[in-house]
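Reading the structure
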Amino acid sequence: MSKNLVIVESPAKAKTIEKFLGSDYTVLPSFGHIRDLSEHAFGVDITNGFQPIYEISPDKKKLVADLKKASDGAETVWLASDEDREGEAIAWHLSEALKLKHENTRRIVFHEITKPAILKAIEQPREIDIDLVNAQQARRILDRIVGFELSPVLWRKVKSSLSAGRVQSVAVRLIVDREREIQGFVSEASFRVIALFTVTDADGKPVELKAELQHRFKTKEEAYAFLETCKTSHFGIEDIVKKPSKRSPAPPFTTSTLQQEASRKLGYSVSQTMMIAQKLYEAGQITYMRTDSVNLSDLALGASKAEILSMAGERYWQFRRFQTKTKGAQEAHEAIRPTYMDKHEISGTSQEKNLYSLIWKRTIASQMSDAELERTTITIGLSNATEKFLAVGEVIKFDGFLRVYMESTDEESDQESEALLPPLKVKQPLNMNQVTATERFSQRPPRYSEAALVRKLEELGIGRPSTYAPTISTIQKRTYVEKSNLDGEMRTFTVLTLKKDKIKEETKEERFGADKGKLLPTDIGMVVNDFLMDYFPNILDYNFTANVEKEFDDIAEGQLDWQQALKHFYDKFHPMVVETMANSERRSGERILGVDPKSGKQVSVRIGRFGPIVQLGIKEGDEKPQFASLKKGQLLETITLDEALELFKLPRSLGEWDAKEMVVGIGRFGAYVRYDGGFYSLPKTEDPMSITAETAVALIQAKRESDKNRQMKVFDQDQELKILNGRYGPYISYQKKNYKISSKTDPLQLTYEACLEIIQNDTKTVKKSPAKKKTTKKG
DNA sequence: CAGTGAGCGAGCTTCCGCTTGACTT
């Protein structure tokens with residue numbers, strides 16, 4: 001046993017540091033927190049000054065025992081967890097759980113993992129900062145109280161197994177609020193006018209000059225009248241303005257900005273990005289990937305400079321130090337950057353390569369010079385109208401950081417890229433070629449993508465780098481939110497074209513409102529959000545976290561007692577919980593849409609046991625109402641009476657085939673045809689309302705054919721025993737249960753007896769507890 | 001796999017932040 005034991009949070013860090021410290025030091029990881037409030041009990045003794053009841057986390061029992069053994073054998077134990085609220089708490093929990101003695105325990109911190117930084121830290125040990133620890137305890141206990149008192153209210157008043165919390169409930173609110181904005185949005189049409197002129201370029205060749213009118217017309221008539229004026233007008237250049245401008249590089253990546261750029265540039269989901277980054281970190285290729293800091297170490301600054309100088313020369317280098325502006329940032333780590341700046345690319349999967357390359361470019365660019373641009377604006381006037389056309393061009397005079405990296409934005413602009421303009425002079429007359437007035441519509445606010453939601457949460461100071469990805473998966477797991485797949489709708493727009501003294505009017509069609517992979521609230525998400533907004537508006541307030549963070553800061557500074565802070569919160573919060581439990585109505589999102597003109601029965605929608613439903617009639621006596629499920633994409637809040645009545649047209653009969661009836665309907669997994677006891681899924685292109693009997697028969701035949709191909713072997717002895725070829729390879733199907741075939745066996749060689757033996761030996765205990773839901777591992 | 005649409009009843013669900021592996025299919 002070595003003389004010194006150093007405990008850090010992550011194993012990758014432990015490995016690196018051990019190399020720096022030599023043989024007198026053993027470095028072990030704690031794998032994050034080792035203790036927490038009890039998982040199932042409330043875990044806080046409210047009546048006893050909010051005393052937390054901690055337990056060693058079940059999966060950390062062995063680890064803590066190992067650490068205990070190592071610490072007992074060491075002369076000095078160095079607690080080297082991160083220098084932030086959570087890190088300080090980890091150090092404190094370690095000292096408590098391992099029963100470390102004050103005299104041989106040291107607390108050290110460092111912000112970059114380099115040999116000098118660590119040796120320096122060893123020289124300057126300090127005490128555990130108990131105020132900072134108390135701020136963490138207050139944070140932890142407050143989150144437990146909010147989560148474990150609010151969730152049961154939802155179980156009682158809305159639906160079982162739901163959840164609420166300081167972070168997740170605000171995340172859902174953002175999405176619900178945005179969706180309502182979109183629903184309430186009225187788009188306005190206007191006519192955008194673009195003129196094309198023919199001019200000669202520097203070589204005397206004719207080129208096109210494009211210019212947009214500075215005015216948009218509200219109506220087609222106005223646009224038409226303007227084109228009429230253009231017919232007889234002369235066009236000339238009135239003004240040319242050249243303006244130099246600069247563009248500066250973005251700071252190096254934090255967790256949040258990495259997630260945003262990887263989503264925009266590479267199309268990765270938030271959790272995908274984190275998984276790939278983790279791989280890169282473990283392979284020693286990048287620094288730690290959960291950080292809110294934009295700071296680069298002196299080492300990285302020097303290496304970046306050397307790289308830029310050798311790659312592009314002195315003119316491209318510019319020293320920059322970025323300031324973190326994020327609310328509540330704790331800055332225990334560096335920004336996310338390559339470990340070795342001279343490594344331009346790495347080996348690995350293509351995803352790892354792409355993400356690494358993104359990180360490398362962003363880091364290098366952040367130490368490069370500004371790009372210098374020149375923007376030219378040309379004003380074009382008409383001889384018989386006051387409106388002006390503008391042509392805008394931008395040229396890069398010096399590329400600077402743009403040589404390696406350009407940050408993306410969320411807005412997909414429909415502006416064409418601004419190009420180089422031909423040489424032109426003021427007062428030069430212009431030949432008008434064509435003028436078009438195109439009807440355009442104002443854009444609704446965009447829905448949140450995962451990464452855009454992370455950005456908003458970070459802006460509000462809600463959540464931490466380690467929780468962005470888990471939060472997004474939680475609100476989807478609770479079915480408050482789902483990824484959209486909206487086809488949008490078609491709309492027509494008018495285009496007026498003036499060419500050769502004639503005005504042509506065309507009607508064109510375009511798709512709008514389509515959205516893929518954006519976050520949409522579900523009915524349950526909206527009902528839960530509205531309920532919480534009604535009874536706990538202060539918790540859902542976008543500033544709630546920011547406000548309590550201020551108190552945590554005061555606790556950390558020793559200005560505020562943590563128990564008093566919690567009491568202050570609890571004394572207001574808890575009575576609201578009690579009151580809501582006792583006196584609020586159950587919520588089902590019910591809306592009465594009206595009366596069915598055919599039957600005269602009431603039509604209503606609400607959340608039923610298995611999801612949103614429409615109900616025809618009211619339960620009274622023996623009279624049972626009819627029910628139908630809402631379709632994907634329909635919301636309780638926006639469905640109309642006609643749309644609701646439409647849903648009762650399914651299931652419907654398609655007539656008989658081979659003396660058996662075919663019925664088409666929509667189930668949990670989409671549209672289907674039921675025939676002779678079997679289900680046949682409809683492809684997405686088929687509409688259950690309009691599908692014909694012929695198509696249905698073709699579907700049934702196709703499915704039977706493919707099922708036949710799936711059968712690798714059947715047995716005369718028993719119809720129920722089959723060897724099938726499935727998604728994961730060959731398997732045995734017997735009495736509706738499936739059995740694995742060892743990869744060593746050739747499935748075609750299996751005899752009937754051998755199959756039975758496999759079935760007999762199947763020791764797999766079928767877990768029937770629905771509580772232990774297996775989460776599908778898909779991102 | 002897909003039809004259902006209540007609650008006499010039994011018992012469970014849930015938070016946020018630190019960190020990585022286990023798990024089969």
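Residues numbered from 1 in each chain as written. Chains lettered and ligands numbered in written order. Predicted model: local features only at pLDDT ≥ 70, side-chain atom pairs only at ≥ 80, totals over all residues. Heavy atoms only, no water.

Observations concerning a positive patch on the surface
A cluster of basic side chains, namely K499, K500, K504 and K508, defines a positive patch on the protein surface. Tracing the chain through its elements places K499 in strand β16 (residues 489-499). Note on K499: relative accessible area 41%, which makes it partly exposed. (Patch = residues over 30% accessible without salt bridge, like charges linked within 9 Å, V, L, I, M, F, W, Y side chains within 5 Å. Areas by Shrake-Rupley, 256 points an atom, 1.4 Å probe, with all protein chains shown as cover. Salt bridge = Lys/Arg side-chain N within 4 Å of Asp/Glu carboxyl O. Lys, Arg positive; Asp, Glu negative; His and termini not counted. Charge placed at Lys NZ, Arg CZ, Asp CG, Glu CD. Helix = DSSP H or I, 4+ residues; strand = E, 2+ residues; numbered from the N terminus. Buried < 20%, exposed > 50% of the residue type's maximum accessible area, 1.4 Å probe, protein only.)

What to know about the pairing of strand β18 (residues 515-521)
Buried residues dominate β18, accounting for five of its seven residues. Relative to β18, strand β15 (residues 481-486) is paired through five bridges, and the arrangement is antiparallel. Looking across to β18, one finds that E482 is bridged to L520. (Pairing = 2+ DSSP bridges.)

Some words on the packing of aromatic side chains
Per the stated rule, a full pass over the model turns up 16 aromatic pairs. On the numbers, 5.6 Å between centres and 80 degrees between planes, the contact of F50 with Y570 is edge-to-face. Taken as a pair, F50 in the loop between β4 (44-45) and β5 (51-52) and Y570 in helix α17 (residues 562-583) lie far apart in primary sequence, 520 residues in all. By relative accessible area, Y570 is classed as buried at 11%. Judged by centre distance (5.1 Å) and plane angle (15 degrees), the rings of F569 and F573 are stacked. Within this pair, F569 and its partner F573 are both found in helix α17, separated by four residues, close to a single helical turn. Taking relative accessible area as the criterion, F573 reaches 1% and is therefore assigned buried. Three or more aromatic residues link up through ring pairs in this structure, and these residues are F197, F217, F226, F235 and F389. Against the face of F148 rests R144, its NZ or CZ located 4.0 Å from the ring centre. Its end group placed over the ring of F493, R440 keeps NZ or CZ at 5.1 Å from the ring centre. (Phe/Tyr/Trp six-rings, centres within 6.5 Å; stacked < 30°, edge-to-face > 60°. Lys NZ or Arg CZ within 6 Å of the ring centre and 35° of its normal.)

What to know about the protein's contact with DNA strand B
In the region of DNA strand B, 54 residues are neighbours, and H33, S161, Y288, R609 and F610 sit closest. Sugar plus phosphate, as a fraction of atoms of DNA strand B within 4 Å of the protein: 52%. Here a base nitrogen of DNA strand B sits 2.6 Å away from a polar atom, N or O, in the main chain of F610. Between DNA strand B and the protein, one listed contact pairs a base nitrogen with a backbone N or O atom of G611 at 2.9 Å. Only α5 (130-157), α9 (270-282), β20 (602-608), β21 (611-616), β22 (626-629) and β26 (678-681) provide two or more residues apiece to the surface near DNA strand B. It is α5 that contributes the most residues to the surface near DNA strand B, nine residues altogether. Tallied by class, the residues present in the surface near DNA strand B amount to 17 nonpolar, 20 polar and 17 charged. (Near = heavy atom within 4 Å. Polar contact = N/O pair within 3.5 Å; in protein donor to acceptor, adjacent residues only side chain to side chain. Nonpolar A, V, L, I, M, F, W, Y, C, P; charged D, E, K, R; others polar.)

Brief notes about the environment of T16
Turning to its location among the elements, T16 is positioned in helix α1 (residues 11-21). As a C-alpha pair, T16 and Q124 span 108 residues in sequence and 20 Å in three-dimensional space.

Quick notes on the side chain of S95
Along the chain, S95 turns up in helix α3 (residues 85-97). Residue S95 is classed as buried on the basis of its relative accessible area, which comes to 14%. With sequence-adjacent residues up to four places away left out, S95 is seen in contact with L79, L100 and I128. (Contact = heavy atoms within 4.5 Å.)

A closer look at the pattern of salt bridges
The full count for this structure, using the stated rule, is 44 salt bridges. Here R321 ties to D298 by a salt bridge, and the two come within 3.1 Å at their closest N and O atoms. In this pair, R321 sits in the loop between α10 (298-311) and α11 (350-365) while D298 sits in helix α10, placing the two residues 23 residues apart along the sequence. Its salt-bridge partner being E450, residue K483 comes within 3.1 Å of it at the nearest N-O pair. On the criterion of sequence distance, the pair formed by K483 in strand β15 and E450 in helix α12 (residues 450-459) is long-range, its members being 33 residues apart. A relative accessible area of 33% means that K483 is categorised as partly exposed.

Some remarks on the sheet that holds strand β19 (residues 591-595)
With antiparallel pairing, four strands are arranged side by side in an open sheet as β19-β20-β21-β22. Strands at the two margins of the open sheet, each flanked by one partner only, are β19 and β22. With strand direction ignored, the average angle separating the axes of adjacent strands in the sheet is 25 degrees. Here β19 pairs with β20 via four bridges, running antiparallel. Paired with V595 across the bridge in β20 is Q602. (Axes fitted to C-alpha atoms, helices over the stretch in contact; angles between N-to-C directions.)

Here's the deal with the pairing of strand β10 (residues 206-213)
Note: strand β9 (residues 189-200) against β10, seven bridges, orientation antiparallel. Directly across from L196, in β10, lies its bridge partner K210. Between β9 and β10, which follow one another and run antiparallel, lie five residues, and G204 among them has a positive phi close to 80 degrees. Pairing between β10 and strand β13 (residues 388-398): two bridges, direction antiparallel. Residue pairing in the sheet places L213 in a bridge with F389 of β13.

Topic: α17
In an α-helix there are 3.6 residues to a turn, and that puts residues three or four apart on one side. Here α17 contains 22 residues, and its C-alpha end-to-end distance of 32 Å stays within 8% of the 32 Å for a straight helix at 1.5 Å per residue. Remark: the principal bend of α17, roughly 35 degrees, maps to Y570. Restricting attention to buried positions, one finds in α17 the residues W562, A565, L566, F569, Y570, F573, V577 and T580. Here the buried face of α17 lies against β5, α5, α14 (523-535), α15 (537-540) and α16 (544-556). Where α17 begins, the capping side chain belongs to D561, and its oxygen is found 3.3 Å from the backbone nitrogen of Q563. (Expected span 1.5 Å × (residues − 1). Bend = angle between axes of the 7 residues up to and from the residue.)

Description of the packing of α5 against α17
Where α5 contacts α17, the axes come no closer than 11 Å and their chain directions differ by 0 degrees. When the axes of α5 and α17 are compared, the pair comes out roughly parallel. Packed against α5, whose contacting residues are N134, A138, I141, L142, I145, V146, E149, L150, P152, V153, R156 and K157, the element α17 presents W562, L566, F569, Y570, F573, H574, V577, T580 and M581 at the interface. (Parallel < 35°, antiparallel > 145°, perpendicular 65-115°, else oblique.)

Observations regarding the packing of helix α8 (residues 255-266) against α9
It is the contact of α8 with α9, at a shortest axis distance of 9 Å, that shows an interaxial angle of 115 degrees. Compared by their axis directions, α8 and α9 come out roughly perpendicular. Read as a crossing pair, α8 and α9 show a hand that is right-handed. In contact with T255, L258, Q259 and A262 of α8, α9 contributes V270, T273, M274 and A277. When the residues that make up the contact of α8 with α9 are grouped by side-chain class, the tally is five nonpolar, three polar and no charged. (Left-handed = near helix turned anticlockwise from the far one by under 90°.)

Observations regarding the confidence of the model for chain A
Per-residue confidence for chain A averages 90 on the pLDDT scale, and 95% of its residues sit at or above 70. In the model, residues 763-779 has pLDDT below 50 throughout and makes five contacts with residues more than four positions away in sequence or in other chains. (pLDDT = per-residue confidence, 0-100.)

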